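Here's the letter readout for the chains.
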Amino acid sequence: MNRFFAVVFLIVASTAPLHAAVEVQEVTSPGGIKAWLVEEHSIPFVALELRFRGGSALDAPGKRGAINLMTGLLEEGAAGLNAQEFSQAREELATSFSYRVHDDTLSISARFLTENRAAAVDLLRTSIMSPTFTQTAIDRVRGQVLSGIRGDLTDPSSIAGKNFDAMVWGDHPYGSDRSGTEASVNGLTRDDILDAYDRVFGLDRIYVSAVGDISADELGALMDVLLGDLPESGAPSVARAAYKLTGGVTVIPFDTPQSVALFGHKGITRDDPDFMPAYILNEVFGGGGFESRLMQEVREKRGLTYGIGTYLAPMEYGELILGQVRSDNSRMAESIDVIRAEWAKIASTGLTAKELEDAKTFLTGAYALRFDGNAPIARIMVGMQMTGLPVDYLRTRNDQVNAVTLEQINRVAARIYQPEELHFVVVGQPDGLESSN
Amino acid sequence: MRRLITLLIFLPVLTLPARAAEITSFSLKNGMDVVVLEDHRAPVVSHMVWYRVGAADEPAGKSGIAHFLEHLLFKGTDDMDAGEFSATVARNGGSDNAFTSWDYTAYFQRIAADRLDLMMRMEADRMRDLQMTEDDVRTERDVVLEERGQRVDSDPGSLFSEQMRAAQYLNHPYSIPIIGWRHEMEQLSRDDAFSFYQRYYAPNNAILIVAGDVYPDDVRRLAVKHYGPLLPTPDLPDRMRPQEPPQLSERRLSYSDPRVAQPYITRSYLAPERDSGDQAEAAKLEMLAALLGGSGATSVLGQKLQFGSKQAIYTTAFYGGTSLDDTTFGLVMVPTPDVSLADAEAALDQAIAEFMDEGVDSEQFARIKMQLRASRIYGEDNIESLARRYGAALTSGLTIADIEAWPDILQSVSEQDVMDAAKAIFDRSKAVTGWVMPPKVKDAAQ
């Protein structure tokens with residue numbers, strides 16, 4: 001059969017102590033849907049990952065929360081099955097489907113056994129192609145969403161996040177919670193849900209990957225059955241978000257013994273040529289693990305927190321460098337002083353040669369540890385497709401890490417860390433801290 | 001009861017092959033047990049050491065010492081500086097961490113398989129040769145207090161869970177929180193940590209689990225080299241904790257906190273755990289929890305309270321069978337905004353009463369068994385979580401034979417078994433019922 005373009009790459013990381021031997025095939029279905037596939041026949045199941053570019057940011061004006069609520073309804077009844085019957089069918093097949101929406105993506109993760117794959121795919125198809133969105137289901141899931149929204153109102157982390165987003169992004173969808181507000185969610189009608197469905201689903205925005213006990217031919221046929229009848233396109237993308245925040249501190253009083261601080265400023269786009277140096281910088285500064293500067297300075301040396309971390313957030317329409325820390329109310333001011341000092345230090349002096357070397361050995365060695373199961377590999381591959389990375393990034397990525405020089409690092413450190421722009425949103429009763437301006 | 005109907009329903013029950021990762025076990029001369037789980041798909045290894053000691057083994061008045069010591073294990077030894085352990089793992093492209101429960105404390109690294117020798121050398125070093133300065137202890141005590149602030153004090157649900165456990169266990173130390181009561185944590189000293197360490201951190205109290213791209217002979221050679229020379233703790237006593245007396249009196253708690261946005265009720269019952277060679281009662285309760293609360297759309301509580309009467313936003317049932325001593329079985333109901341906690345509790349009681357009358361839905365029961373069979377296939381995809389299940393079971397008094405028998409024991413549970421277990425477990429004299437609400441709700445528990 002010559003129906004597929006099946007390009008096979010053998011991926012071997014060349015410089016790492018560990019070799020990620022993931023053999024990726026690029027598959028195109030007879031109907032023209034593309035996917036990345038890793039065949040892994042030792043366990044009789046498949047992990048399938050679908051992602052639609054454009055998530056809750058595509059909410060219609062005044063309908064905040066519609067896409068989130070719609071996503072929650074996909075498994076609540078489809079094609080003649082009510083919610084309970086749909087769940088029963090899923091359990092009989094021992095398959096699992098999960099539906100999640102973020103600002104920029106709607107993702108569907110499925111896993112199914114080889115022995116009943118066709119039946120599982122048929123069931124998954126009904127939830128994507130013909131969800132019924134009955135009023136009963138809408139009202140029940142609306143109740144769950146409203147419960148979550150009310151819970152966020154008294155959760156310090158959520159309060160910090162919502163306020164930070166609103167100050168950074170203003171009226172752009174990024175500036176408000178994707179769940180919506182009690183008022184907006186209460187106002188949503190069935191028509192709004194149908195409109196939300198039309199906005200996110202379309203063949204022009206889908207990314208697919210599969211890992212497991214399935215061949216390229218079988219995956220091609222599966223995709224045409226599952227997705228072939230989707231509409232050509234969804235809603236157009238929204239405008240880029242303007243960054244509106246300036247440096248300072250915002251204290252939001254909340255009665256709790258431990259304050260939460262969210263901090264950051266404008267970041268760097270994923271396709272920026274400086275992204276890799278920025279990624280390494282963040283790893284050393286506040287990335288995962290105990291070795292980061294912020295973990296050492298704030299936790300290990302001073303015991304000011306249980307955990308502190310920073311990350312780059314390159315989103316579709318805007319980008320941030322963000323961090324979070326929690327400290328007792330009596331000690332939050334000290335934590336913030338330490339973070340500010342570290343921010344200024346990395347901006348002015350960058351990294352040491354040893355820090356860069358240690359980060360390279362960690363990042364290149366740890367890369368292969370991510371490929372530890374069918375579902376994680378499927379998620380990585382769909383993420384790479386959305387980011388526009390080629391298949392052979394799996395092979396070149398560690399070389400790209402190793403190619404970064406100290407000069408690049410220190411130039412990029414001065415570019416991306418802007419101590420005067422750093423803004424802290426603190427929720428709690430922090431001693432000795434007041435909002436600036 | 002609906003048992004007769006069983007015979008008349010034809011279900012597409014699929015026969016799945018019983019599969020399992022390749023497992024090998026042996027012991028070193030100094031008493032250290034070793035388990036190897038092979039998975040050669042990727043050149044990665046998880047190296048874990050599990051100690052048969054946890055929060056329920058702490059001296060009275062020293063709550064939190066097991067967990068605090070877990071943090072201090074990342075300080076120095078005679079051969080390594082403070083922080084050097086994790087820094088070395090990171091420099092080799094790996095990640096490491098640790099966790100503490102009531103029955104165990106475990107340390108693990110995930111790393112390239114060819115670094116196993118180095119991991120064992122460092123882990124063996126800190127099993128017997130830990131050193132910590134007063135300064136390390138003071139700073140790290142602040143860290144665990146901040147951890148308590150984050151995990152517990154900032155979360156009314158966690159605060160209330162502590163109160164529930166304290167009421168559930170009248171005598172057994174499962175009543176204390178793993179992280180410790182704050183007033184006792186503040187007093188934990190270097191001496192407290194050190195005497196706990198010297199007694200319990202020893203090869204004859206430890207289980208080594210290596211999972212991933214390794215072969216048993218290589219693991220044995222490295223284990224003999226690194227762990228073999230370590231001296232056991234002599235006369236390590238059996239793990240005899242104070243046991244529960246007969247529980248004769250129902251307990252009811254209510255908790256108000258302005259940070260509670262969503263009121264809920266929860267009830268826990270003292271329950272038998274999985275015992276070595278005797279897991280049948282636990283298997284019945286596991287199946288009962290799945291039937292009552294396994295899935296919102298198909299479980300008994302979900303069908304009756306979320307879909308039927310529409311009085312609940314969320315319901316669940318839980319059971320923690322892997323435990324050294326008596327465990328708990330529990331129910332949770334989050335009512336819709338117009339339903340009071342009193343009405344919610346009455347509805348929950350009514351749902352259980354109806355279940356006791358109606359019996360097990362055979363189709364639902366068959367679906368649960370199908371999912372359990374499939375979970376063995378899906379479970380093979382994550383060798384690390386399989387290794388964790390082994391560690392938790394082996395430190396909770398079970399053997400490898402018990403772990404391997406468990407799936408078949410679950411499959412052999414009958415509908416009548418489940419109803420018998422339900423009759424035995426729903427005994428209010430062994431139960432704690434809790435109401436969690438914001439201060440303005442006036443109808444407190446009676």
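Read on for an overview of the structure.

Rules behind the numbers
- Residues numbered from 1 in each chain as written.
- Chains lettered and ligands numbered in written order.
- Predicted model: local features only at pLDDT ≥ 70, side-chain atom pairs only at ≥ 80, totals over all residues.
- Heavy atoms only, no water.
- Helix = DSSP H or I, 4+ residues; strand = E, 2+ residues; numbered from the N terminus.
- Expected span 1.5 Å × (residues − 1).
- Buried < 20%, exposed > 50% of the residue type's maximum accessible area, 1.4 Å probe, protein only.
- Contact = heavy atoms within 4.5 Å.
- Pairing = 2+ DSSP bridges.
- Axes fitted to C-alpha atoms, helices over the stretch in contact; angles between N-to-C directions.
- Buried area = accessible area lost by both parts, 1.4 Å probe.
- Salt bridge = Lys/Arg side-chain N within 4 Å of Asp/Glu carboxyl O.
- Arc of directions from axis to C-beta.

### Considering helix α13 (residues 383-394) of chain B
Residues and elements named next belong to chain B.
Phase 1: Taking 1.5 Å per residue as the helical rise, α13 with its 12 residues ought to reach 16 Å, and the 16 Å between its terminal C-alpha atoms agrees with that figure.
Phase 2: For α13, the tally of buried residues reaches nine of 12 residues, placing the bulk of the element in the interior.
Phase 3: Those residues of α13 not exposed but buried are I383, E384, L386, A387, Y390, G391, A392, A393 and L394.
Phase 4: Residues of α13 that are buried in the fold lie against β1 (22-27), β2 (33-38), β3 (44-51), β5 (105-112), β6 (206-212) and α14 (400-411).

### Re the sheet that holds strand β13 (residues 319-328) of chain A
All names here are of chain A.
Phase 1: Read across the sheet, five strands follow the order β10-β14-β11-β13-β12 without closing on themselves; strand pairing throughout is mixed. Looking at which strands have only one partner, the edges of the open sheet turn out to be β10 (248-253) and β12 (308-314). The sheet shows a mean angle of 20 degrees between the axes of neighbouring strands, direction not considered.
Phase 2: Of the pairings in the sheet, the one linking strand β11 (residues 258-266) to β13 comprises nine bridges and is antiparallel in character. Considered in β13, the bridge of G264 is made with L322.

### Points about the interface of chain A and chain B
Phase 1: Counting from both sides, the interface comprises 62 residues of chain A and, opposite them, 57 residues of chain B.
Phase 2: Summing both partners gives a buried area of about 5100 Å² for chain A against chain B, and 55% of it is carried by carbon and sulfur.
Phase 3: The largest per-residue losses of area from chain A upon contact with chain B belong to A:E91, A:Y306 and A:L369, which jointly make up 14% of the total buried on that side.
Phase 4: In this structure, the connection of chain A to chain B is made through six salt bridges.
Phase 5: For A:E91, the salt bridge goes to B:R367, with nearest N and O atoms at 3.2 Å.

### Let's talk about helix α15 (residues 415-425) of chain B
Residue and element names in this part refer to chain B.
Phase 1: All of the buried residues in α15 are E415, V418, M419, A421, A422 and I425. Seen end-on, α15 carries its buried residues on one side only, within an arc spanning 160 degrees. Opposite its buried face, α15 presents the exposed residues K423 and A424, each directed more than 90 degrees away.
Phase 2: On its buried side, α15 packs onto β8 (264-271), α9 (280-293), β10 (327-335), α11 (341-358) and α12 (362-379).

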